[in-house]
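The lines below spell out each chain.
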Amino acid sequence: MSHPATASAGDYALDLTGVSKVYSGAWGSKKVHALRGIDMRIHRGGIFGLLGPNGAGKSTLVKIMMTVIRPTTCAGTMLGRRVGDKGALRRVGYLPEHHKFPEYLTAAQVLDYFGALADVPRAERKKRTPELLALVGIDKWADHKVKGFSKGMRQRLGIANALMNDPDLVVLDEPTDGVDPVGRRDIRNVLMAIRDQGRTVLLNSHLLSELEMVCDRVAILVQGKVASVGTIDELTRDSRRYEIDTAGPADALAGVANGVGSSALKVEVDGTLLRVGSDDAEAVQPLIDALRRANVTIRSVRPVRESLEDLFMKAVTDPTTGQVLKPGAADGKR
Amino acid sequence: MRQTLAIFLDAYRELNSKKLFWIVMAISLAVVVALAIPTNNERGIEMFGVTVELPLVSSKEISPKGFYAFILSWVGVNWWLTWGAILLALVSTAGMIPDMVSSGSIELSLSRPIGRLRLFLTKYAAGLLFVAAQSAVFGIGAWLVMGIRGGSWSPTPLMAIPIATLVFSYVFCICVLIGMATRSTLLALLGTVIIWLGIWAFTTTEGILQSERVRSEGEVVRIDSQLGQLRDTLKAVDDKIAETTAASEARQPAVETLPGDIAQSAPTPDAATPDSSGPADARDPSRGPPRRPGGTNRLLSAGRAVLFAAQASQSLDGLRRSRESLSGQITSLETRRPERAKSAESVRRWHRILKAVVTLMPKTGETKNLFQRTVVDKEDQEGLFRLLANFTGDQDVKETSDAINRRSLGWVLGTSLLFEALVLALAAWIFCRRDF
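These notes cover the structure that comes with them.

What counts and how
- Residues numbered from 1 in each chain as written.
- Chains lettered and ligands numbered in written order.
- Predicted model: local features only at pLDDT ≥ 70, side-chain atom pairs only at ≥ 80, totals over all residues.
- Helix = DSSP H or I, 4+ residues; strand = E, 2+ residues; numbered from the N terminus.
- Buried ≥ 20, exposed ≤ 12 C-beta atoms within 10 Å, placed from the backbone.
- Contact = placed C-beta atoms within 7 Å.
- Nonpolar A, V, L, I, M, F, W, Y, C, P; charged D, E, K, R; others polar.
- Pairing = 2+ DSSP bridges.
- Axes fitted to C-alpha atoms, helices over the stretch in contact; angles between N-to-C directions.

A short note on the overall build of chain B
- Within chain B one finds 17 helices and three strands.
- Looking at chain B as a whole, 37% of its 436 residues qualify as buried.
- Considering only intrachain contacts with a sequence separation of at least 6, the fraction spanning at least 24 residues in chain B is 76%.

Examining the overall build of chain A
- Secondary structure assignment for chain A yields eleven helices and 14 strands.
- Classification of the 334 residues of chain A by burial places 42% in the buried group.
- Once local pairs closer than 6 in sequence are excluded, the contacts in chain A between residues at least 24 apart make up 70%.

A few points about the interface of chain B and chain A
- Chain B puts 22 residues into the contact, and the matching count from chain A is 24 residues.
- Contributing elements (two or more residues each) for the side of chain B that touches chain A: α1 (2-16) and α5 (106-110) of chain B.
- Broken down by element, the residue count for the side of chain B that touches chain A peaks at six residues, all from α1(B).
- The residue makeup of the side of chain B that touches chain A, split by class, is seven nonpolar, eight polar and seven charged.

A short note on the environment of L144(B)
All names here are of chain B.
- Looking at the secondary structure, you find L144 in helix α7 (residues 129-148).
- Residue L144 is classed as partly exposed on the basis of its C-beta count, with 14 C-beta atoms lying within 10 Å.
- The spacing of L144 and V32 is 112 residues in sequence and 9.4 Å in space, taken between C-alpha atoms.

Observations concerning the sheet that holds strand β11 (residues 241-246) of chain A
All names here are of chain A.
- Pairing within the open sheet is antiparallel, and its four strands lie in the order β12-β13-β11-β14. Edge strands, defined here as strands with exactly one partner in the open sheet, are β12 (267-270) and β14 (298-304). Between one strand axis and the next, the sheet turns through 20 degrees on average, direction left out of account.
- Where β12 lies against strand β13 (residues 273-276), four bridges are found, and the strand directions are antiparallel.

Focus: the pairing of strand β9 (residues 217-222) of chain A
Residues and elements named next belong to chain A.
- Most of β9 sits out of view: six of its six residues are buried.
- Neither face of β9 is left uncovered, since the one carrying R217, A219 and L221 and the one carrying V218, I220 and V222 both have all their residues buried.
- Where strand β3 (residues 46-51) lies against β9, four bridges are found, and the strand directions are parallel. Paired with L51 across the two strands is I220, which belongs to β9.
- Taken together, the six bridges between β9 and strand β10 (residues 225-231) define a ladder with antiparallel strand orientation. Across the sheet, R217 pairs through a bridge with T231, a residue of β10.

Below, the structure written as structure tokens:
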């Protein structure tokens, strides 16, 4: 991981080492290795994205943190306490995937009930309930039963519920699941507001474009292991380059590329497009000069990098076969 | 404490949202009101100004307090509260645990700073609220009925609340275990009802065997008692024959009367009537166990009648005929005794086996009978036994009831609560160990 070696345990919202989970095979079926030794550190503050295909172990990891699943092995801390410690759970907010609130409760009663379960004093619950419902935009529905809520409203209520205990760490599992574009933007704004309050957010989502917009750091889980982790800049550094779009002609482009290109500056020609293997603007200037000298018309020069989706696809693709890795981790071996 | 209260409040909100809860509540109230309408007077039961002639439940036999205590316990508790209300409560609460452990719901609870065991036990206790609320309505209503109509303001009718809740808890723990294991409301409900009926079948059979055991053991004791009396009488007849023979030989007049003890044991002509001796004895509790009409009593009475006739005639031939008759009766009883003793032993053995099995089960029937044991006074109990004996035709109903009531509160509640604790421990173990 790319954190300073001097960081202490208290600097991390989450500091996990060797988290594994093996589901015993029932009725003679194979054992399932859902997690194969996850090491992960998340600094306090900021939004951390957890990516991975279905069956990669994202939800299992989150559920282990939230004591819903018992790990096979797990070392490390959450908010400076061992994972599963009730004191730590008091300071963690959680929105599970496909959560189901009791249908007979109103939105305000949901926050009151789960707030009480989180050991939040009554006075504080009464104060925070209208504030949180307003934050997620459903304050007018405070006294309406959950039974009549749309999926989007339930998600908003779930986020408010995750914030009820004024947590230091907020764990959100697919918070924008089933939410329309307007709702997604609202949720994104809420997430950034939470981050700006100094809280840490762990975001588990399939929506890579959403994550790319809000996450400071991401980890990609594949088949129960961390395939890569870092800031989006760090992860895309190798893929950064310049692309020069020209009007041709192609034979002139090949001559220029051969003349300017070297082992230090790789230049590829793709039709009328030139790809320069450097993210340094200075290094591109000689190529632009050469193109002008060859009377090539330049349409645009732009820095480009891989998207999160490209990174994700690269991580979930078997480099030897080029095939996308199968979901899950049920091979009975470690 | 905050978390515990929150779970109870949530359970109340859940019940409050269910129509069935309020329907059952209304039925409980209606049952109490309906049971308050009839009253007993000197002739029988009076309702809406009309008297139904039922001497056995008249105020001469049972006090008004005893009358209400009986109908509240027999109809109110035995039938409604611990059958009807519990069945409807099961329908309402069977989904509580499967809903709690369903995906999307359990994460919301387990991620809170509350231990799994505490969460489980609190949820279980909250599930008992349904019946506790129903029985509170019934108990308070029964207390008012006993006070206003029966003239007794004893708080004992309020025992309906813990007793009904306890009976429900025996059944609900099974529902919780099946719900936890299968996560299915339907299976939890069906499984619980089937097991509940199984327990009922076992405990009812045990009760029947208990009754049969009392009856058959009583029969052997009665035969022994009658044999003793007949042998004494035979000895007296032998003495009389010897005396008469000696007197005859000495040409002396025969003794006018039998010895005092024999004379006392000799029956009156009325008692010699076979069918009258049984019920007469059964009506007088001071004369020992009630005697069944016919059977050995009839033989004994006939023997006494023969002796009486012989005594009256004072003839040696008559005494010899009496002796033959008594010998015949003794032989008949001696032949029947081993057969009855064998039958009693067989019943005793099967009862012992079944009782051992039933010991491991919750005592729903005996727990609900605790209400009757608490509410009905001893003097009213006698009247009730006469009523039940007449109603069921079982003359040994008192002995059977006494035998069951001799089982201590500790045994009834202890074994039932042990069963409940074991079932709950298994369900809690599953809940604490499971990955959701």
